[in-house]
Amino acid sequence: MRVLLSIGIGFGLVASAQTVDLLHPAADSWLTFHGDYSGRRHVDFAAITPENVGKLQQVWRFQAGQQQIKASPILANGVLYVTVPDNIWAVDAHTGKQLWHYQNPPNNAFHIGHRGAAIYKDTVYLTTPDCHLIALNAKDGMVKWDVVIADSNKGYWSTNAPLIVGNHVMVGVSGDFDNLPGQLKSVDADTGKTQWIFYSTPPLGTKRDPDSGGATGGQMWTTGTYDPALNLVFVGTGNPTPVLNGEVRPGNNPWTCSIVALNPDTGKLAWGFQASPHDTHDWDANEVPVLVDANFNGQPRKMLMQASRNGFFFVLDRTNGKSLLTTPFATVNWAKGVDSEGHPIPDPAKYPSKAGVLVAPNESGATNFRPPSFDPKTGLFIVSAQDGYGIYFFKSEHGAYGWAGADYGVAGKAFLRAIDYQTGKIVWNHPIGDGAGTAGVLTTGTGLTFSGDVGGNMMALRTSDGATLWHENIGRMGNGPISYVLDGKQYIVVGGGGSLYAYALGEAH
Amino acid sequence: MKHTIWMSAAALIAAGLVIAQAPPVPGNSQTQGQNKGQNKGTAKGAPRGPAQSPASRPGPQTVTPQAYPAAQIQAGELRFTSQCGFCHGRDAAGGETGPDLTRSKLVAEDTRGDKIAPVLKAGRPDQGMPSFTLSDADVNAIVAFIHDQKTKSEALGGGRRAVDASDLAVGDAQAGRRYFNGAGGCSACHSATGDLAGIATRYQGLALLQRMLYPTAGRPAPARPKVTVTLPSGQTAAGSLASEDEFAIVVLDSSGGRQTYEKTAVKFKIDDPMSAHFDQLGKYTDTDMHDVFAYLDTLK
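Residues numbered from 1 in each chain as written. Chains lettered and ligands numbered in written order. Predicted model: local features only at pLDDT ≥ 70, side-chain atom pairs only at ≥ 80, totals over all residues.

## A few points about the overall build of chain A
The line we're drawing: Put simply, DSSP marks the helices as runs of H or I at least four residues long and the strands as runs of E at least two long, and each gets a number from the N terminus on. Put simply, the radius of gyration uses C-alpha atoms, and a globule should come to 2.2 Å times the residue count raised to 0.38. Here exposure depends only on C-beta density: within 10 Å of a residue's C-beta, 20 or more other C-beta atoms make it buried, 12 or fewer make it exposed, and intermediate numbers make it partly exposed, the C-beta atoms being placed from the backbone. Think of it this way: build a C-beta for each residue from its backbone, and any pair within 7 Å is a contact.
The number of helices and strands found in chain A is one helix and 39 strands. Taking 23 Å as the expected radius of gyration for a compact globule of 509 residues, we find that chain A reaches 21 Å, a close match to that expectation. For chain A, the C-alpha atoms occupy an extent of roughly 65 × 50 × 40 Å along the three principal directions. Counting over 509 residues, chain A shows a buried share of 63%. Long-range contacts, defined as pairs at least 24 residues apart, comprise 59% of the intrachain contacts of chain A with a sequence gap of at least 6.

Quick look at the structure:
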């Protein structure tokens, strides 16, 4: 039985629900994982500036539980929704007080994190570790419907913050420990009925496909972006399986470690671009495909940018998936170069081997799920990067199922790194500690960059040069900050440890 | 075969870039997915030679055999899979970042949770393992499941993520010695007859390789960065660096006292010997790495 745990007071705040307009998000909302469809994680609010950011004060704190918040909260009609595995809370965005809490029953699927909820009209959507998609009444958390999106007994689990376009709720899953096809399912937002399934690798029960080389995997576990003019959804796909054993899956293994462009009405593939052809290092290309309209070499372009886990920064023409730029943004030693179509060329000498190879990046990657930000004014793409090394092993005894190999991180250094999108040059590089950072990035039109370091400091940097202007220790940030204007006040909200923190400028004295 | 790092962050930065703040931060390793657990049990006591299939080599044997009720093991499986399985594998034989627990020395030496429970409760933040808030019943169930998996794995043989000492034995110890004393620059800080004497008796196989690349714990203790602090009064304080972030340093003095200094309030100088290990990661070819490993493996 799926149960509603508690209903608090405060219905009055949400009684007059406005329309949730995903195409035109209002200043007092943050409607998707990214805030809008572009994935730029950028706001143009004017209140908080480099001059006054030092006056930021904590307005409220909401303790969500013991688990690390890895989710981006969403905000609609004055209510924030924040998740950890099996749990979602509705929180009054003015006060930080709980309105309701829904908990999924205990289950034995992986509970490694959750990326957030999605909203459409008056319904909030939650994916669960055991691969249910649950539609909840945004007002009170009552279950409207509950559907299974994949078979968790086969080894699928879900951490996904769904992407909603029209009445399509697009839901991804994970599943690296079993040889499972990558699937993105579109579900009718009103009824829960399946509309289409896009498979990044051939579905179970189909014949070995010569194109994919027998690879499974390519899971779409992060939230995509959407271009309404092209009517295309852009989603990153994960690594192939078996993970480290590439011998049994010859060729490039499309569409694993790729960016795919899909028609949201049909699930049909418009184009695909492989960030890591024939991956053998677990470098999902699930990082945010950021959509930017700007000049590239003097020509106006509709672009897609991704700083990928494999250490390469890609700029594509998103109308057709053609490469405009491919360049490393972190330490990389696994590629022999870049081919004429902008794909890195894997060096077979760095495939996992019996005696082991020293590879950069390590498995956790040059970046990962933590979202980056694009600042239009400076043209900087700002990402939490890692220069790291790992050792990778594969021998035939490791088999051809699931992980099929062994790898160990050796060491890493974490940075916030600002990339000039037209050249790939690193404009500034701000050390944030040992290992890898986990905080995402938010930029503002006033020239501020919000993110966090490895040690749990939330920081505001000057976007132009990366200088620190403000910081406060709130514990590990496993997510990206968000910002909105409510009742005329600009808020910055972020999860640190198991709590959600809201900041705004202190009262004028 | 020689393979060089053809693009490094250092090179990117050298190409006319600005480094904004602070030196690299050692010691403060609350990392996720980093410094993954050492598969210490893998090679311990493993006989050498090609006659035996490496995968058939057992991990360390359970010291105190122990049995658990089926219901407890089943309850433990539910808890283990959901909370631990992603990193350690559903079968406890290794997952996305964590080691194979069925070959773990700590598990082999555990009796009814006396070693495992404290690790669950405190975590291993330096190796990316979080702490867990669990009831005693849940902890006991997880312990039961891990021991049961170890028993099953011993019966089956093998190990999904096993790296055996013989797998690593491809290097040239003589070439490794030359690299150690020459191009690698290892002898600037280390000596085969000094700090590294007998290192191959204390560490074998993967554990020795990991220690060689980037030591994080154990004997000899990895050198902590040395730090000298000059206070506004002109008074100086010296010690080793316990932790550091962009804003503060924590210094351990010789008597074990901890002192936190705001970076803006003092002058300080950090000498971090571990930075040479990190830099070396960008210099080793795989051949160098295996050669130096082969050399260290002779220091018994």
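Let's pick the thread back up.
## Quick notes on the overall build of chain B
Looking only at helices and strands, one finds 12 helices and six strands in chain B. For chain B, the residues scored as buried account for 42% of the 300 residues in total. The long-range share in chain B, meaning contacts at least 24 apart out of those at least 6 apart in sequence, stands at 71%.

## Some details on the nonpolar core
Just so we agree on the cut-off: Only buried residues count toward a nonpolar core: Ala, Val, Leu, Ile, Met, Phe, Trp, Tyr and Cys, linked into one set through C-beta atoms within 7 Å.
Ranked by size, the top nonpolar core spans 197 residues in total, and within it A:Val91, A:Ala117, A:Ile119, A:Met305 and A:Ile419 carry the most contacts. In contact with A:Met305, other than residues within four places in its own chain, are A:Val290, A:Val292, A:Phe314, A:Val315, A:Phe374, A:Phe381 and A:Tyr421. With six residues, the next largest nonpolar core counts B:Val229, B:Leu241, B:Val251 and B:Ile270 among its residues.

## Overview of the pairing of strand S24 (residues 312–317) of chain A
All names here are of chain A. To keep it simple, the criterion reads: Any two strands between which DSSP finds at least two bridges are classified as paired.
Across the six residues of S24, five count as buried, placing the element largely inside the fold. Of the pairings in the sheet, the one linking strand S23 (residues 299–307) to S24 comprises five bridges and is antiparallel in character. If you follow alanine 307 over to S24, its bridge partner there is phenylalanine 313. In terms of strand pairing, S24 meets strand S25 (residues 322–328) through six bridges, oriented antiparallel. From the neighbouring strand, phenylalanine 312 faces S25, where its bridge partner is proline 328.

## A word on helix H10 (residues 205–213) of chain B
Side chains three or four residues apart in an α-helix point the same way, a direct result of the helix having 3.6 residues per turn. Of all nine residues in H10(B), nine are buried; the element is thus mostly enclosed. Turning to H10(B), its buried residues are B:Gly205, B:Leu206, B:Ala207, B:Leu208, B:Leu209, B:Gln210, B:Arg211, B:Met212 and B:Leu213. Residues of H10(B) that are buried in the fold lie against strand S30 (380–393) and strand S31 (406–420) of chain A together with helix H7 (165–168), helix H9 (199–202), helix H11 (274–281) and helix H12 (286–296) of chain B.

## As for the sheet that holds S24(A)
Residue and element names in this part refer to chain A. To keep things clear, this is the line we draw: Geometry is summarised by axes, namely lines fitted to C-alpha atoms with helices restricted to the contacting stretch, and by angles between N-to-C directions that run from 0 to 180 degrees.
Within the open sheet, the four strands sit side by side as S22-S23-S24-S25. Their pairing is antiparallel. Single-partner strands in this sheet number two, and they are strand S22 (290–296) and S25. Direction aside, neighbouring strands of the sheet carry axes that sit 30° apart on average.

## Here we look at the sheet that holds strand S13 (residues 168–172) of chain A
All names here are of chain A. Reading across the sheet, the four strands line up as S12-S13-S14-S15 and stay open at both edges, with antiparallel pairing between neighbours. The open sheet terminates on both sides in strands that have one partner only, identified here as strand S12 (163–165) and strand S15 (194–199). Between one strand axis and the next, the sheet turns through 20° on average, direction left out of account. Taken together, the five bridges between strand S14 (residues 183–188) and S15 define a ladder with antiparallel strand orientation. Across the sheet, the residue bridging to valine 187 is threonine 194, located in S15.

## Quick word on the environment of A:Arg61
All names here are of chain A. The topology assignment puts arginine 61 in strand S3 (residues 56–63). A C-alpha to C-alpha distance of 35 Å links arginine 61 and glycine 409, two positions 348 residues apart in sequence. Arginine 61 has contacts with Gly96, Ser499 and Tyr501, leaving out every residue within four places of it along the chain.

## Considerations on the confidence of the model for chain A
Here is the rule we go by: Per residue, pLDDT measures the predictor's confidence, with a range of 0 to 100.
Looking at chain A as a whole, the pLDDT averages 94, with 96% of positions reaching at least 70. This stretch, residues 6–17 of chain A, has a pLDDT under 50; its non-local contacts, to residues over four places away or in other chains, come to 21 contacts.

## Description of helix H2 (residues 70–83) of chain B
Stated formally: Here, expected helix span is obtained from the residue count minus one, scaled by 1.5 Å.
For H2(B), with 14 residues, the first-to-last C-alpha span of 20 Å sits near the 20 Å given by 1.5 Å per residue. All of the buried residues along H2(B) are B:Ile73, B:Gly76, B:Glu77, B:Arg79, B:Phe80, B:Thr81, B:Ser82 and B:Gln83.

## Examining the confidence of the model for chain B
In the predicted model, chain B carries a mean pLDDT of 79, and the fraction of residues at 70 or more is 77%. Among the prediction metrics, the complex's ipTM stands at 0.92, with pTM recorded as 0.87.

## Quick word on the packing of helix H8 (residues 173–181) of chain B against H12(B)
Residue and element names in this part refer to chain B. Condition: Throughout this description, any angle smaller than 35 degrees is read as roughly parallel, any larger than 145 degrees as roughly antiparallel, any in the 65 to 115 degree range as roughly perpendicular, and the remainder as oblique. Three categories are distinguished: nonpolar for Ala, Val, Leu, Ile, Met, Phe, Trp, Tyr, Cys and Pro, charged for Asp, Glu, Lys and Arg, and polar for the others, with Gly belonging to the last.
At a closest axis distance of 7 Å, the pairing of H8 and H12 adopts a crossing angle of 100°. The orientation of H8 with respect to H12, classified from their angle, is roughly perpendicular. Contacts from Ala173, Ala175, Gly176, Arg177, Tyr179 and Phe180 in H8 reach Asp288, Asp291, Val292, Phe293, Ala294 and Tyr295 in H12. Residue composition of the contact of H8 with H12, by class: eight nonpolar, one polar and three charged.

## Regarding the environment of B:Ala200
Residue and element names in this part refer to chain B. Here alanine 200 lies in helix H9. Residue classification places alanine 200 among the partly exposed residues on the basis of 17 C-beta atoms within 10 Å. Note: C-alpha distance between alanine 200 and cysteine 84 (116 residues apart in sequence) is 32 Å. Among residues more than four places away in sequence, those in contact with alanine 200 are Leu208, Leu296, Asp297, Thr298, Leu299 and Lys300.

## Section: unusual backbone geometry
Residues and elements named next belong to chain A. Residue proline 242 follows threonine 241 across a cis peptide bond; omega there is -10°. Counting through the fold element by element, proline 242 comes out in the loop between strand S19 (240–241) and strand S20 (258–262). Cis peptide bonds are those with omega within 30 degrees of zero, and the linkage from alanine 360 to proline 361 qualifies with 0°. Within the secondary structure layout, proline 361 lies in the loop between strand S28 (357–359) and strand S29 (373–375). Unusually for a residue other than glycine, asparagine 253 sits at a positive phi of about 60°. Take asparagine 253: it is sitting in the loop between S19 and S20.

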